[in-house]
Amino acid sequence: MSSTFRQTQVMLRANLLSLPRRLAVSLSMTLSVALVVCVLAGFLAMAAGFEQTLKATGSPTVAVVLGGGSNQETGSDIPPETLRSIMALGGPVGVRRDAGGNLLASREVIVPAAVGPMSADHRAEESGTVLALRGMDLAGPKVRDGVDLSAGRLFTPGTHEIVVGAGLAQRISGFDLGKRVRLGALDWTVVGHFSAHGGAFESEIWADLDSVRAGFDRQGEVQSLRLRLESPAGLAALQAALARLTTAPLVAVSEADLYAGQSGRTADLIRLFGWPLALLMAVGATAGALNTMMSSVADRSVEIATLRALGFNRTAAFCATWTEAAVLALVGVAVGIALSWGIFNGWQASTLGANNAQMGFSLQVTGRVMLTSGILGLAIGLLGGALPALAATRLPLTAALRAAA
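Rules and cut-offs
- Residues numbered from 1 in each chain as written.
- Predicted model: local features only at pLDDT ≥ 70, side-chain atom pairs only at ≥ 80, totals over all residues.
- Heavy atoms only, no water.
- Helix = DSSP H or I, 4+ residues; strand = E, 2+ residues; numbered from the N terminus.
- Buried < 20%, exposed > 50% of the residue type's maximum accessible area, 1.4 Å probe, protein only.
- Contact = heavy atoms within 4.5 Å.
- Lys, Arg positive; Asp, Glu negative; His and termini not counted.
- Charge placed at Lys NZ, Arg CZ, Asp CG, Glu CD.
- Salt bridge = Lys/Arg side-chain N within 4 Å of Asp/Glu carboxyl O.
- Core = buried A, V, L, I, M, F, W, Y, C linked by side-chain atoms within 4.5 Å.
- pLDDT = per-residue confidence, 0-100.
- Pairing = 2+ DSSP bridges.
- Axes fitted to C-alpha atoms, helices over the stretch in contact; angles between N-to-C directions.
- Parallel < 35°, antiparallel > 145°, perpendicular 65-115°, else oblique.
- Left-handed = near helix turned anticlockwise from the far one by under 90°.

### Here's the deal with the overall build of the protein chain
Point 1. Secondary structure summary: the protein chain contains twelve helices and twelve strands in total.
Point 2. The 405 residues of the protein chain split such that 49% are buried.
Point 3. Sequence separation of at least 24 residues holds for 80% of the intrachain contacts in the protein chain that already meet a minimum separation of 6.
Point 4. For the protein chain, the separation between the mean place of its 31 positive charges and that of its 28 negative charges on side chains is 13 Å.

Here's what the structure looks like:
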């Protein structure tokens, strides 16, 4: 057998056939790799799900105007005189207009509102939960893309009526149609549910702008102005028009860019917590893989010595032992990915969103998540198996054969 490849095949087959003798230690390596892969996939799935939720929220044909140089709604404030100047813009500014020639826009303010129980019959499942209550003009839902009224009707201006996101209504009880819910210091009546196809809007509650401002002491405040663009290219024309308004610093971004920026920051934070934990576990798993493969080499020292005496070269011994470690690691990767898919994929979670309120999202075990986790798991096997594979090539043949005798 002069071919190194054929020699490696023979030695690898012998290694794998001897696994039942080392079943316990081999399983410990496989399961440790699976655990690392599952934990890392969980964190990455959380980041991927959060990003997907926010990316599904923004639209390139909706512009969001923010004041005060802020890039978030909660830190923005558009003065009344600036708002009037924007609404009075004439000529082509890249924004759609209604039948009366007015800009198709919605003034909005968003406040964190704590949910309080109404009575023993009408109470939220999690009293004290902070939710995002968005006050808007009646045109607010029309300005947005992908928002549909799934039940009931829209709120009536000037009343304490709310329309609740479908995801929020499913996640927390007490938001059925007709129910009265206490938000802050006021009671509000649920008159409708809306769907945003899994976007972050489904974690919000919508109500009349003036009612929200009056109920939360935000009189006259407007944090953002949403405008329906004629096309994505209309954003540049709007930005040019706003640049001519010198009354206050204004920022105009597409809704897609606004939420993409928010998703990136939070997803990076989730990964920042997940990667160090996974790498710390990987170090332990690598040590376990090293111990497993050293035991494997010691258990087969006579076999390896015999094959070497028959003419098998060092390269074949190294490759066969290293490949065995990779095979065990890949089995662990497969188990870990299967566990992460079964446990995490589609799991509903919530976190504190950019508006300082609870935002729900669904974990997503994507192909990229599986690939990244799988690479780490394979690396554990390759790193842990390298030294034992080298030891297999340096095995003292005469000592091993004397031990057999």
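### Description of the pattern of salt bridges
Point 1. With the rule as written, the count across this model stands at 18 salt bridges.
Point 2. Put simply, Asp 145 and Arg 228 hold a salt bridge, and the shortest N to O gap is 2.6 Å. Of the two residues, Asp 145 is situated in the loop between helix H4 (140–143) and strand E4 (148–152) and Arg 228 in strand E9 (residues 224–228); the sequence distance between them amounts to 83 residues.
Point 3. Under the relative-accessibility criterion, Arg 228 is labelled buried at 11%.
Point 4. Where Glu 161 meets Arg 153, a salt bridge forms, and the shortest distance between an N and an O atom there is 2.9 Å.
Point 5. Here Arg 153 falls in the partly exposed class, since its relative accessible area comes to 38%.
Point 6. Each of the salt bridges in this network shares a partner with another, and the network as a whole consists of Glu 73, Glu 108, Arg 134, Arg 144, Glu 204, Arg 226 and Glu 255.

### A look at the nonpolar core
Point 1. Counting 46 residues, the largest nonpolar core has Met 29, Phe 201, Trp 206 and Ile 380 as the members making the most contacts within it.
Point 2. Mapped onto this core, the elements with two or more residues apiece are helix H2 (23–55), strand E1 (62–67), strand E7 (186–195), helix H8 (255–299), helix H10 (314–344), strand E12 (358–362) and helix H11 (367–393).
Point 3. For this core, the element with the most residues is H2, which contributes twelve residues.
Point 4. What Phe 201 contacts, discounting residues up to four positions off in sequence, is Thr 57, Arg 134, Arg 144, Val 147, Gly 165, Phe 194, Ala 196, Trp 206, Arg 226, Glu 255 and Tyr 259.
Point 5. The next biggest cluster of nonpolar side chains, apart from the first, holds 21 residues, and it includes Ile 162, Phe 175, Val 181 and Ala 207.

### Let's talk about the confidence of the model for the protein chain
Point 1. Here the protein chain averages 85 in pLDDT, while 92% of its residues score no lower than 70.
Point 2. Segment residues 118–125: pLDDT under 50, and 17 contacts once partners within four positions in sequence are set aside and those in other chains are kept.

### Regarding the environment of Asn 71
Point 1. Within the element layout of this structure, Asn 71 appears in the loop between E1 and helix H3 (80–87).
Point 2. Note: C-alpha distance between Asn 71 and Leu 250 (179 residues apart in sequence) is 9.9 Å.
Point 3. Those residues in contact with Asn 71, other than ones at most four positions away along the chain, are Leu 66, Leu 258 and Arg 265.

### Here's the deal with the environment of Gly 199
Point 1. With respect to the secondary-structure elements, Gly 199 resides in the loop between E7 and strand E8 (204–208).
Point 2. Take Gly 199: its relative accessible area is 4%, and that puts it in the buried class.
Point 3. Between the alpha carbons of Gly 199 and Gly 146 there is a distance of 9.0 Å; along the sequence they are 53 residues apart.
Point 4. With residues up to four places along the chain from it excluded, the contact list for Gly 199 reads Thr 53, Ala 56 and Thr 57.

### Structural notes on the pairing of strand E6 (residues 180–183)
Point 1. Covered by surrounding structure in E6 are Val 181 and Leu 183 only, the residues Arg 180 and Arg 182 on the alternate face being uncovered.
Point 2. Pairing analysis gives two bridges linking strand E2 (residues 105–116) to E6, with the strands arranged antiparallel. Each residue of the ladder has a partner; that of Val 115, found in E6, is Leu 183.
Point 3. Summarising the sheet, E6 and E7 pair through four bridges and their orientation is antiparallel. Paired with Arg 182 across the strands is Asp 187, a residue of E7.
Point 4. Hairpin connection, E6 to E7: the antiparallel pair is bridged by two residues, and Gly 184 has positive phi, about 70°.

### Structural notes on unusual backbone geometry
Point 1. A positive phi angle, close to 55°, is found at His 197, a residue other than glycine.
Point 2. Within the element layout of this structure, His 197 appears in the loop between E7 and E8.
Point 3. Residue His 197 is classed as exposed on the basis of its relative accessible area, which comes to 57%.
Point 4. In this structure, Asp 217 takes a positive phi of about 55° despite not being glycine.

### Structural notes on the packing of H2 against H11
Point 1. Look at H2 against H11: their axes get within 9 Å of each other, and the N-to-C directions meet at 150°. Relative to H11, H2 is oriented roughly antiparallel. Once H2 is placed against H11, the crossing between them reads as right-handed. Two secondary-structure elements touch here, H2 through Met 29, Val 33, Val 36, Val 37, Leu 40, Ala 41, Leu 44, Ala 45 and Ala 48 and H11 through Val 369, Thr 372, Ser 373, Leu 376, Gly 377, Ile 380 and Gly 381.

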